[in-house]
Amino acid sequence: MSESVILDIDDVCIRYGDELAVRNVTLPIYEKKITAIIGPSGCGKSTLLRSLNRMNDFIHACSQDGKISFHESDLYSNTTDPVEVRRRIGMVFQRPNPFPKSIYRNIAWGPSINGLGGNMDERVERALKQAALWDEVKDRLQDSALNLSGGQQQRLCIARALAMEPEIILMDEPCSALDPVSTARIEDLLFELKENYTIVIVTHNMQQAARVSDYTAFLENGVMIEYGITEDVFTRPENKRTEEYVTGRFG
Amino acid sequence: MMQPAKPRYLENSLQVAFFMCAAISTVTTVAVISVLAFETYGFLQQVPITEFLFGTEWTPLLHPKSYGLLPLLAGTMLIVVGASLVAVPVGLSCAIFLSEYASERTRDILKPVLEILAGIPTVVYGFFALTFVTPLLKTVLPQTQVFNAASGAIVVGIMVLPMVASLCDDALRAVPQSLREGAYSLGATSFEVTTRVVVPAGLSGIFAAFVLAISRAIGETMAVTLAAGATPNLTINPLEGIQTMTAYIVQVSLGDTPAGTLTYQTLFAVASVLFLITLSLNIIANRVMKRFQEVYE
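Anyway, here's the lowdown on the structure attached to this text. (Residues numbered from 1 in each chain as written. Chains lettered and ligands numbered in written order. Predicted model: local features only at pLDDT ≥ 70, side-chain atom pairs only at ≥ 80, totals over all residues.)

**So, the nonpolar core**
Part 1 of the argument: In this structure, Ala159(A), Ile79(B), Val155(B), Val156(B), Val164(B), Cys168(B) and Ala209(B) are the most contacted members of the largest nonpolar core, which totals 152 residues.
Part 2 of the argument: Sorting elements by how many residues they give to this core places helix α6 (residues 149-173) of chain B first, with 16 residues.
Part 3 of the argument: Those residues in contact with Val155(B), other than ones at most four positions away along the chain, are Tyr125(B), Phe128(B), Ala129(B), Val133(B), Ala223(B) and Ala227(B). (Core = buried A, V, L, I, M, F, W, Y, C linked by C-beta atoms within 7 Å. Buried ≥ 20, exposed ≤ 12 C-beta atoms within 10 Å, placed from the backbone. Helix = DSSP H or I, 4+ residues; strand = E, 2+ residues; numbered from the N terminus. Contact = placed C-beta atoms within 7 Å.)

**Comments concerning the pairing of strand β4 (residues 62-70) of chain A**
Residue and element names in this part refer to chain A.
Part 1 of the argument: Relative to β4, strand β1 (residues 5-16) runs antiparallel, the two sharing 8 bridges. Bridging from a neighbouring strand, Asp 8 pairs with Ser 69 of β4.
Part 2 of the argument: The pairing of β4 with strand β5 (residues 73-74) spans 2 bridges and is antiparallel. Residue pairing for β5: Ser 69 is matched across the bridge by Asp 74.
Part 3 of the argument: Counted along the chain from β4 to the antiparallel partner β5, the turn is 2 residues long, and its residue His 71 has a positive phi close to 50°. (Pairing = 2+ DSSP bridges.)

**A closer look at the interface of chain B and chain A**
Part 1 of the argument: Contacts between the two partners involve 15 residues from chain B and, on the opposite side, 18 residues from chain A.
Part 2 of the argument: When residues of the side of chain B that touches chain A are traced back to their parent elements, those giving at least two are α7 (177-184) and α8 (190-201) of chain B.
Part 3 of the argument: For the side of chain B that touches chain A, the class distribution of residues is 7 nonpolar, 5 polar and 3 charged. (Nonpolar A, V, L, I, M, F, W, Y, C, P; charged D, E, K, R; others polar.)

**Describing the packing of α6(B) against helix α9 (residues 203-219) of chain B**
Pairs of packed helices are described in terms of their axes, by the angle between the two and the distance that separates them.
Residue and element names in this part refer to chain B.
Part 1 of the argument: In contact at an axis separation of 9 Å, α6 and α9 are set at 155° when each is read in the N-to-C sense. By the angle between their directions, the pair α6 and α9 is classed as roughly antiparallel. Handedness of the crossing formed by α6 with α9: right-handed. Facing Val 156, Val 160, Met 163, Val 164, Leu 167, Cys 168, Asp 170 and Ala 171 of α6, the residues of α9 in contact are Gly 205, Ile 206, Ala 209, Phe 210, Leu 212, Ala 213, Arg 216 and Ala 217.
Part 2 of the argument: Its residues assigned to classes, the contact of α6 with α9 comprises 13 nonpolar, 1 polar and 2 charged. (Axes fitted to C-alpha atoms, helices over the stretch in contact; angles between N-to-C directions. Parallel < 35°, antiparallel > 145°, perpendicular 65-115°, else oblique. Left-handed = near helix turned anticlockwise from the far one by under 90°.)

**Comments concerning the pairing of strand β9 (residues 215-220) of chain A**
Residues and elements named next belong to chain A.
Part 1 of the argument: Most of β9 is tucked away: 6 of the 6 residues are buried.
Part 2 of the argument: Of the two faces of β9, the one holding Tyr 215, Ala 217 and Leu 219 and the one holding Thr 216, Phe 218 and Glu 220 are both buried throughout.
Part 3 of the argument: With 4 bridges connecting them, strand β3 (residues 34-38) and β9 associate as parallel partners. Paired with Thr 35 across the bridge in β9 is Tyr 215.
Part 4 of the argument: Bridge count for β9 against strand β10 (residues 223-229) is 6 bridges, and the pairing is antiparallel. Bridging from a neighbouring strand, Phe 218 pairs with Glu 226 of β10.
Part 5 of the argument: In this structure, the hairpin formed by β9 and β10 is closed by a connection of 2 residues, where Asn 221 is found at a positive phi of approximately 50°.

Spelled out as structure tokens, the structure:
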């Protein structure tokens, strides 16, 4: 394959206390592609995703083995600054979590604390346009972000992540709290973002994974059952469990 | 066929008993307010309200008698400001530590310790101010008087500290974890997450905690009576002796002032002012708290 691997997940195990949530997962993430992680609830897909920008650091009982390389340097080595990791690998969460601040300040927050240069107004406008939210909010940038609808709030959170110009965006079931119309808008958005960003999306919506992703990994009980090009995984899966799951026979 | 309803004597009488208990607290409040209002009215018949509120001499026990509240108000304010200077920054920092940095185990030790601090009788604080804080102040600032506002303010600050810390901690912990994660995911450090997302998001709860602390500092009696003295003094120098409104009430109550005299009525006039101030502060705190509860529901 000609694409380059930006994140290399190598034999990773993640534990919550005594419970093994992710078991020996090995998975490449290709640059400027969309990788979907699918699987039934509780299969460890969110846990795996959160390990990619060290968000599990905040969960005390959580421990991890194996290696994750980002541009060939170890994400978890002692010399790696987790704050720097999160600057370059952004995240969008399951439920929209805008700050109780204005729309403008939500977008400008990340760049301003990290001292990113350039014109802030332009940066905010660019991020909102990329997230397809600009036309709806351009006249009320100073309004509270909490006054937006759920779908708008989630696009605001995507814009907030984009304003940092990360290399990778991790999305943890970004549409699970949204209605179908908002979901469709965000899926359209993903296609556009693929031009410039690497995206890893966790979803339990099979159609969504099939529609938007280039590669798909199927997890069950923390074990990666199958990984491959999305079309192959959905049309001619190698594993029987995968076939049963993607055809909706369980899960 | 349905049985005719039997009279339920026990249940009915219990209902009356519960109602009586509920009524006691309401009736007491109304009675206290009525007595305060009645006696204050009597006082204001003899002393014009302008002299009472804006007069700069408070000598109801000496000749010539004078009934200007400002020296007592100033004394109370000195204590409040000084106590806030101690309790607000330390209390908020303590809450930030408890809520954002401490491990569960550290919390489990620190929280009960704070509660013990809150349970110390206030007279102990007064004694502590007189025998420990004042001598300490004197070694640093020799001009410190034996009774002074500063040592009273410091111990009142320590006294309200647990309340400030505990209420601020509640306010910070009410900020959803998802906001913290959102901030971390943008490359923020713990310090930035705390100071620029969590504290601003919990600000109304923090503000309410401050107002309640001020309200308690104003009403605080024993420690300031012991430490700050009984000299009505219109000053902003914390090293001088002063008298707070509460300390004045103690002084006159302990004396043998005959009921019905003007001096006796000053007690109620001062108490009314005290009551109005703390009542309005508590109302403000409640309003702010309500607003803060609505944000995340």
